[in-house]
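Here is how the chains run, residue by residue.
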Amino acid sequence: MDKLKAINWPSLVAGKHSWIDDHFKVHSVLDDKKTVCRFFSLDFSGTQQEILSLTESLSESIEHYVFDEKQLASFHKEGKVPFQKAMKFFGKTNPDMDGKYGELLLYLLTEKFLQTPLVSHKLSLITNTNDQVKGGDGIFFGDYKGELAILIGESKIHQGAAGAMEDALESLDRFYDNYSSGQLGHEMFIARSNISENFSSLDDAESLYQAFTPGTKQYKGCVKAHPVLLVFESSKISTIEEKAKNKDEAEQMFSDWLTGRSKEIQKLLGDKLNKYSELKKVYIDVFLIPLTNVSKFKHALYREIHGIDYVSNEK
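Keep in mind that this is a model prediction, so the values were computed, not measured. (Residues numbered from 1 in each chain as written. Predicted model: local features only at pLDDT ≥ 70, side-chain atom pairs only at ≥ 80, totals over all residues. Heavy atoms only, no water.)

Asker: What is the right way to read the packing of helix α2 (residues 52-60) against helix α13 (residues 294-306) from this model?
Answerer: The angle between the axes and the distance between the axes are what describe a pair of packed helices. Contact geometry of α2 with α13 gives a least axis separation of 9 Å together with a crossing angle of 50 degrees. By the criterion of interaxial angle, the relationship of α2 to α13 is oblique. Viewed along their axes, α2 and α13 form a crossing whose handedness is right-handed. Judged by residue contacts, Leu52, Leu54, Thr55, Glu56, Leu58 and Ser59 of α2 engage Phe297, Ala300, Leu301, Glu304 and Ile305 from α13. (Axes fitted to C-alpha atoms, helices over the stretch in contact; angles between N-to-C directions. Helix = DSSP H or I, 4+ residues; strand = E, 2+ residues; numbered from the N terminus. Parallel < 35°, antiparallel > 145°, perpendicular 65-115°, else oblique. Left-handed = near helix turned anticlockwise from the far one by under 90°. Contact = heavy atoms within 4.5 Å.)

This is how it looks when you write it as structure tokens:
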């Protein structure tokens with residue numbers, strides 16, 4: 001455990017995602033025992049929440065999500081373009097049905113705000129780019145609330161906050177409710193099989209390997225936490241955009257609305273967790289982002305990554 005505690009986990013993500021501050025405004029952070037609700041809004045441009053600059057920045061981050069730093073350095077040395085290779089992970093599938101866009105945003109927010117690095121990058125987990133990786137939406141490790149933690153992410157982009165929350169908690173519950181089926185063990189196997197090469201020594205990598213091996217002292221010494229991304233629609237944003245006179249007024253109106261809404265959502269989370277008793281024993285850290293239209297967001301991100309609009313082949 002000493003080797004794991006000696007690693008400076010925040011240094012592995014320091015400065016990588018500073019652009020997030022230009023696009024998101026952090027509102028309430030409601031902390032209650034083992035649950036945290038973090039509320040964000042997309043920054044207003046004048047009286048509108050525009051997604052263009054956000055999706056541009058998100059698309060530019062895909063290579064860091066798919067590859068670790070050594071892989072990226074190798075590509076650059078060979079004169080290859082990592083972005084083009086990372087695009088293969090984001091296959092040309094219907095963005096309304098593809099969960100990878102939520103995974104990407106969850107990765108960025110978890111590294112930025114929890115300062116816990118992604119430790120299992122994506123490319124070697126996919127042999128068929130049309131298949132989704134089964135299990136969690138990102139595996140992270142680091143200090144969480146003063147404890148060494150294994151963090152397994154879950155992301156949902158949904159039309160409503162309640163629906164997104166229900167889907168996310170139901171997915172997470174499978175790690176514990178169906179433990180005998182091996183889902184948590186499978187997730188740990190994925191982590192062990194694909195540890196990032198961002199760590200400074202083989203000893204660090206070996207310690208991390210042990211932390212992802214159930215039964216070891218390292219594994220037993222870690223708490224489990226789940227960063228959860230919930231992106232959902234709210235008609236209130238359109239109302240604010242229509243009524244606000246300028247950026248400052250729009251921001252204030254949004255903040256006033258969210259003050260009440262955040263307490264409602266925190267209570268909703270508590271009520272829903274009563275259905276999932278095992279999840280009350282681990283840490284749940286929720287990122288909540290309301291948008292005017294989640295489908296437009298996903299289609300805009302698809303266009304930024306692939307350079308074309310998504311066109312369905314269905315007749």
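Asker: How should the side chain of Asp285 be read in this particular structure?
Answerer: Mapped onto the secondary structure, Asp285 falls in strand β7 (residues 283-291). For Asp285, the side chain forms a polar contact with the side chain of Arg38, separated by 2.6 Å. Setting aside residues up to four positions removed in sequence, Asp285 forms contacts with Val36, Arg38, Leu114, Tyr144, His226, Pro227 and Val228. (Polar contact = N/O pair within 3.5 Å; in protein donor to acceptor, adjacent residues only side chain to side chain.)

Asker: Looking at this structure, I do not really get the packing of aromatic side chains. What am I missing?
Answerer: Aromatic rings considered in pairs are described by the distance between their centres and by the relative angle of their planes. Inspection of the entire model under this criterion finds 15 aromatic pairs. Between Phe254 and Trp257, the aromatic rings sit 5.3 Å apart at their centres with planes inclined by 70 degrees, giving edge-to-face as the arrangement. Linking Phe254 with Trp257, this pair stays in helix α12 (residues 247-273), spanning three residues, or about one helical turn. Grouping aromatic residues by their ring pairs yields a cluster made of Tyr65, Phe89, Phe90, Tyr101 and Tyr107. Sitting above the plane of the Tyr283 ring, Lys34 keeps its charged end 5.5 Å from the centroid. A cation over an aromatic ring shows up here: Lys100 above the ring of Phe89, its NZ or CZ 5.5 Å from the ring centre. (Phe/Tyr/Trp six-rings, centres within 6.5 Å; stacked < 30°, edge-to-face > 60°. Lys NZ or Arg CZ within 6 Å of the ring centre and 35° of its normal.)

Asker: Sorry if this is basic, but what is going on with the nonpolar core here?
Answerer: Side chains of a nonpolar character, in soluble globular proteins, are inclined to be buried together. Grouped together as the largest cluster of nonpolar side chains are 51 residues, with contacts concentrated most on Phe141, Leu208 and Phe212. Beyond its immediate sequence surroundings of up to four residues, Leu208 is in contact with Leu4, Trp9, Val119, Phe141, Ile195 and Phe199. By size, the runner-up hydrophobic cluster in this structure holds 43 residues, among which are Val36, Leu114, Ile289 and Tyr302. (Core = buried A, V, L, I, M, F, W, Y, C linked by side-chain atoms within 4.5 Å. Buried < 20%, exposed > 50% of the residue type's maximum accessible area, 1.4 Å probe, protein only.)

Asker: What is the right way to read the pairing of strand β3 (residues 139-144) from this model?
Answerer: Consecutive side chains along a regular strand alternate between the two faces of the sheet. Counting buried positions over the six residues of β3 gives five, a clear majority of the element. In this sheet, strand β4 (residues 147-152) lies alongside β3 in antiparallel orientation, the contact comprising six bridges. Residue pairing for β4: Gly142 is matched across the bridge by Ala149. The turn joining β3 and β4, which pair antiparallel and follow one another in sequence, is formed by two residues; a positive phi near 55 degrees is taken by Lys145. (Pairing = 2+ DSSP bridges.)

Asker: Sorry, what's going on with α2 here?
Answerer: Side chains three or four residues apart in an α-helix point the same way, a direct result of the helix having 3.6 residues per turn. Leu54, Thr55, Ser57, Leu58 and Ser59 are the residues of α2 that are buried. Summarising the contacts, the buried residues of α2 are in contact with β1 (24-32), β2 (35-42), α3 (62-66), α5 (82-86), α6 (100-114) and α13.

Asker: Can you help me understand the environment of Phe254 in this one?
Answerer: Among the residues examined, Phe254 registers a relative accessible area of 0% and is labelled buried. Expressed as a C-alpha distance, the spacing of Phe254 and Gly185, which sit 69 residues apart in the sequence, is 42 Å. Excluding its chain neighbours within four sequence positions, the residues that come into contact with Phe254 are His27, Phe40, Ser41, Phe44, Gln49, Ile237, Ile240 and Pro290.

Asker: Before we go on, may I ask you to explain the pattern of salt bridges in this structure?
Answerer: Side chains that carry opposite charge are capable of pairing whenever their charged atoms lie near each other. Inspection of the entire model under this criterion finds 16 salt bridges. Residue Arg261 is joined to Glu264 by a salt bridge in which the shortest nitrogen-to-oxygen separation is 3.2 Å. Of this pair, Arg261 and Glu264 both sit in helix α12, three residues apart, roughly one helical turn. Its relative accessible area of 48% is what places Glu264 among the partly exposed residues. A salt bridge links Arg303 to Asp309; its shortest N-O distance comes to 2.8 Å. A cluster of three or more residues bridged by salt bridges with shared partners is formed by Asp43, Lys247 and Glu251. (Salt bridge = Lys/Arg side-chain N within 4 Å of Asp/Glu carboxyl O.)

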